[in-house]
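Descriptive structure summary
Given next are the chains, with one letter for each unit.
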Amino acid sequence: MSQWSQVQQLEIKFLEQVEQFYDDNFPMEIRHLLAQWIESQDWEAAANNEAMAMILLQNLVIQVDEQLDRVSQEKNLLLIHNLKRVRKLLQGKYHGNPMHIAVIISNCLREERRILAAASMPVQGPLEKSLQNSVVSERQRNVEHKVSAIKNSAQMTDQDVKYLEDLQEEFDFRYKTIQSLEQNDKNSALIKQEMLALQAMLNTLDYKRKEVLSKIGRVIHEIDMLMSNMLTEELLDWKRRQQIACIGGPLHGGLDQLQNCFTLLAESLFQVRRQLEKLDELLTRLTYDGDPIPVQRPQLLEKVNFLLYNLFRNSFVVERQPCMPTHPQRPMVLKTLIQFTVKLRLLIKLPELNYQIRVKATIDKNVSTVSNRRFVLCGTHVKAMNMDESANGSLSVEFRHLQPKEMKTSAGSKGNEGPHMVTEELHSISFETQVCLYGLTINLETSSLPVVMISNVSQLPNAWASIIWYNLSTNDPQNLSFFNNPPAATLSQLLEVLSWQFSSYVGRGLNSEQLNMLAEKLTGQQVSYNDYQLSWAKFCKEHLPGKSFTFWVWLEAILDLIKKHILPLWIDGYVMGFVSKEKERILLKDKTPGTFLLRFSESNLGGITFTWVDQLENGDVTFHSVEPYNKGRLAALPFADILRDYKVIMADNVPENPLKYLYPDIPKDKAFGKHYSCQPNEVSKPSDGGVKGYVPSVFIPVSKILNDSTEPPSPSDLLPMSPSVYAVLREHLSPTAIETALSSPYSTD
């Protein structure tokens with residue numbers, strides 16, 4: 001079943017999450033129509049290879065054209081229109097930057113895998129539950145309702161101001177008419193009656209002025225209360241959701257809704273400002289003792305300007321945090337002299353501001369960091385915000401060509417800190433601009449979440465650990481001294497984030513049993529998730545007991561192993577992975593001989609092994625674990641093929657494959673058959689490949705079980721191999737390597 005087919009079978013709450021990341025950048029119609037073709041392409045590799053991205057973009061356009069031909073014959077007008085629009089988008093927007101569409105599609109596929117993984121988990125973690133709180137959803141609805149009500153009130157007040165203007169014009173006309181009469185005419189009874197009518201009209205004018213000012217005051221008060229409470233909370237919640245999404249959590253949404261609220265409030269405030277200007281105009285034409293306009297208008301105008309300043313300042317946000325295109329799952333880790341991207345948005349979307357706001361990017365502006373390392377940004381660091389580059393027409397700007405460069409210290413050399421010191425340093429990328437609109441000049445500033453600067457890719461794992469710990473532990477966007485005294489983390493939340501690393505990076509999260517094993521490895525004991533506090537040092541700095549590496553380095557190596565060598569097996573759920581030797585024996589002891597399971601090595605970085613159960617002649621159960629396969633060995637032979645072709649030479653020199661059933665009772669070929677690279681025992685012809693005149697060689701994994709584990713291997717141990725097979729091995733391996741492979745197939749892992 002294709003990934004898209006699995007997505008379509010999700011519950012509605014998960015489908016709503018899927019809808020959030022499909023927009024005009026990559027329409028869902030294309031995802032649906034080209035599901036199998038899209039999933040068969042390597043978009044992640046194309047995201048880092050412009051030539052490959054261009055080829056995939058061209059092929060994508062061809063696929064769209066083929067679909068367009070098909071629906072044209074069916075005369076599906078709506079789909080024809082949508083496909084033509086998509087083709088225009090692909091040929092126009094992405095032609096000059098094909099890697100951008102590769103990044104978008106890669107991210108969409110990854111998010112689908114994360115949501116599928118989350119849907120397969122029986123229980124939501126505490127962090128994800130907090131993000132989907134029903135109280136938060138109710139507040140979102142209340143904010144939208146109040147903003148709409150404020151907008152309506154401001155428009156109704158417009159009508160009141162217009163009525164007041166008409167009333168004053170009538171009063172002005174009638175008053176001037178009387179003033180133009182001769183003195184004798186003014187004493188007539190008719191004129192006296194008209195003067196009484198004018199006095200009544202003036203009283204009405206006074207009442208209406210007070211009423212309009214009161215209504216304007218109420219609108220301003222409602223906006224003030226909304227901005228001070230619910231809207232501020234909504235913005236803070238969005239920023240927290242963004243933090244969590246950056247470390248692998250659920251995709252954050254809601255920015256478009258916030259933009260709508262901010263824009264409507266700004267329009268309402270500018271509308272109120274125009275109303276106050278109109279009152280000032282009316283004041284210049286008519287005033288009187290007790291006139292409320294000169295008393296109340298200055299205060300109201302000052303409050304409106306104050307609210308506009310605050311609204312604009314809060315509306316300037318980092319929509320997409322800094323990230324290197326080469327490592328899309330590791331945002332906020334930046335390598336010197338490597339380009340990164342970052343996107344900003346102004347949540348107040350007014351046409352008057354299009355291309356009028358120039359944003360400048362700087363690093364560590366007015367900030368004292370933990371060390372003496374200093375950086376500058378190279379590349380285009382000033383750009384104008386516009387509504388043309390974003391698919392939803394938002395007022396935004398994306399910096400795509402910024403590069404951090406480390407400056408030399410005063411001593412003339414770069415700072416020299418230890419590896420942990422470097423990856424625990426937090427830096428800030430700041431953005432500033434100025435908005436000039438309707439006589440207002442507002443200076444805006446915002447900053448990215450703290451970033452970690454590395455100079456070597458080997459520092460990436462520890463740098464990413466720092467990003468995880470920071471964003472898990474605090475919602476403070478600018479605590480650059482955080483690692484001077486990093487707080488402990490709740491184990492339950494940390495385990496949830498670790499599961500996200502697997503769901504976002506390798507497409508399948510961890511179940512409760514796997515998380516239990518990680519908890520025991522972190523703490524050395526069985527503990528309560530909810531109460532236990534884990535230190536930063538325990539997570540990333542202290543070596544595991546009896547090992548030469550930390551917990552995080554061990555886990556990161558496993559992620560890398562899955563990603564590069566066993567990804568399909570992991571996504572299918574056939575790799576138990578995180579299970580201790582003691583637990584695996586409990587699971588296997590009552591199973592049919594030949595039942596095996598796959599687990600990650602605890603003593604070798606980035607290693608995977610398999611253990612199977614066997615039964616001796618006397619009925620005793622025995623277990624065998626093969627020496628862990630690391631990425632070097634898996635690069636030569638796919639793991640599924642190893643499981644298929646694996647042979648054991650027993651004491652009686654009869655080679656056989658001991659692996660029959662994947663735990664608990666799945667026939668091996670049923671589980672892994674679709675992942676085999678070729679048919680078992682397939683013999684290639686000389687013309688099929690390789691050097692002309694030679695039969696292409698095939699690696700066959702072989703282990704030897706001795707009756708006495710202390711007995712050294714002898715040449716006779718190799719006899720079950722045919723001379724032709726042995727010759728192939730000799731062609732690719734030295735005698736020492738062959739001897740080593742046969743004599744030490746098992747480890748204590």
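Placed above this text is the structure.
The sections below set out a description of the structure shown in this document. (Residues numbered from 1 in each chain as written. Predicted model: local features only at pLDDT ≥ 70, side-chain atom pairs only at ≥ 80, totals over all residues. Heavy atoms only, no water.)

**Things to note about the packing of helix α12 (residues 189–246) against helix α16 (residues 460–473)**
- Where α12 contacts α16, the two axes come as close as 9 Å, and the packing angle between them is 150°. Considering the angle they form, α12 stands roughly antiparallel to α16. Crossing handedness for the pair α12 and α16: left-handed. Side by side, α12 and α16 meet where R240, Q243, I244 and C246 of the first sit next to W464, Y470, N471 and L472 of the second.
- Of the residues contributing to the contact of α12 with α16, the split by class is five nonpolar, two polar and one charged. (Axes fitted to C-alpha atoms, helices over the stretch in contact; angles between N-to-C directions. Helix = DSSP H or I, 4+ residues; strand = E, 2+ residues; numbered from the N terminus. Parallel < 35°, antiparallel > 145°, perpendicular 65-115°, else oblique. Left-handed = near helix turned anticlockwise from the far one by under 90°. Contact = heavy atoms within 4.5 Å. Nonpolar A, V, L, I, M, F, W, Y, C, P; charged D, E, K, R; others polar.)

**A short note on the sheet that holds strand β13 (residues 595–600)**
- Read across the open sheet, the five strands follow the order β15-β14-β13-β18-β19; overall the sheet is mixed. Of all strands in the sheet, those bounded by a partner on one side alone are β15 (621–625) and β19 (666–667).
- Pairing analysis gives five bridges linking β13 to strand β14 (residues 608–615), with the strands arranged antiparallel. Residue pairing in the sheet places L597 in a bridge with T611 of β14. (Pairing = 2+ DSSP bridges.)

**Examining the packing of helix α18 (residues 512–523) against helix α20 (residues 551–571)**
- Between α18 and α20, the least distance of the axes is 12 Å, while the angle of their chain directions is 155°. Between α18 and α20, the interaxial angle falls into the category roughly antiparallel. Of the two elements, α18 crosses α20, and the hand of that crossing is right-handed. In this structure, α18 contributes Q514, M517, L518, K521 and L522 to the contact, and α20 contributes F551, W554, L555 and W570.
- Class assignment of the residues belonging to the contact of α18 with α20 gives a composition of seven nonpolar, one polar and one charged.

**A short note on the pattern of salt bridges**
- Taken as a whole and judged by the stated rule, the model has 37 salt bridges.
- Note that K278 is salt-bridged to E165, the shortest N-O span being 3.2 Å. Here K278, found in helix α13 (residues 255–285), pairs with E165, found in helix α10 (residues 134–179); they are 113 residues apart in sequence, far enough to count as distant.
- On the accessibility criterion, E165 (14% relative accessible area) is buried. (Salt bridge = Lys/Arg side-chain N within 4 Å of Asp/Glu carboxyl O. Buried < 20%, exposed > 50% of the residue type's maximum accessible area, 1.4 Å probe, protein only.)

**Structural notes on the environment of R400**
- Considering the arrangement of structural elements, one finds R400 in strand β7 (residues 395–407).
- Taking C-alpha positions, R400 is 9.7 Å from P322, a pair spaced 78 residues apart along the chain.
- Looking at R400, its side chain comes within polar contact range of the side chain of E398, at 3.4 Å. (Polar contact = N/O pair within 3.5 Å; in protein donor to acceptor, adjacent residues only side chain to side chain.)

**Focus on empty space enclosed by the protein**
- The full count for this structure, using the stated rule, is three cavities of 30 Å³ or more.
- In this model, the largest cavity occupies a volume close to 40 Å³.
- Ranked by the residues each element gives to the lining of the largest cavity, the list is headed by α12, at four residues.
- When the residues that make up the lining of the largest cavity are grouped by side-chain class, the tally is five nonpolar, two polar and no charged. (1 Å grid on protein atoms, 1.4 Å probe; cavity = no way out; pocket = protein on both sides within 12 Å on 5 of 7 lines; lining within 4 Å. Points joined across faces, edges and corners; volume = space filled by probe spheres on them.)

**Description of the side chain of D641**
- Relative to the assigned elements, D641 resides in helix α23 (residues 639–645).
- Judged by relative accessible area, D641 falls into the buried class, the value being 3%.
- Apart from residues no more than four positions distant in its own chain, D641 is found in contact with H675, Y676 and S677.

**A short note on the side chain of R297**
- Tracing the backbone through its elements, the reader meets R297 in helix α14 (residues 293–315).
- For the buried R297, no salt bridge is present, and the opposite-charge side chain at shortest range is D280, 4.1 Å distant.
- In this view, R297 contacts L276, E277, D280 and P292; residues no more than four positions away in its chain are not counted. (Lys, Arg positive; Asp, Glu negative; His and termini not counted.)

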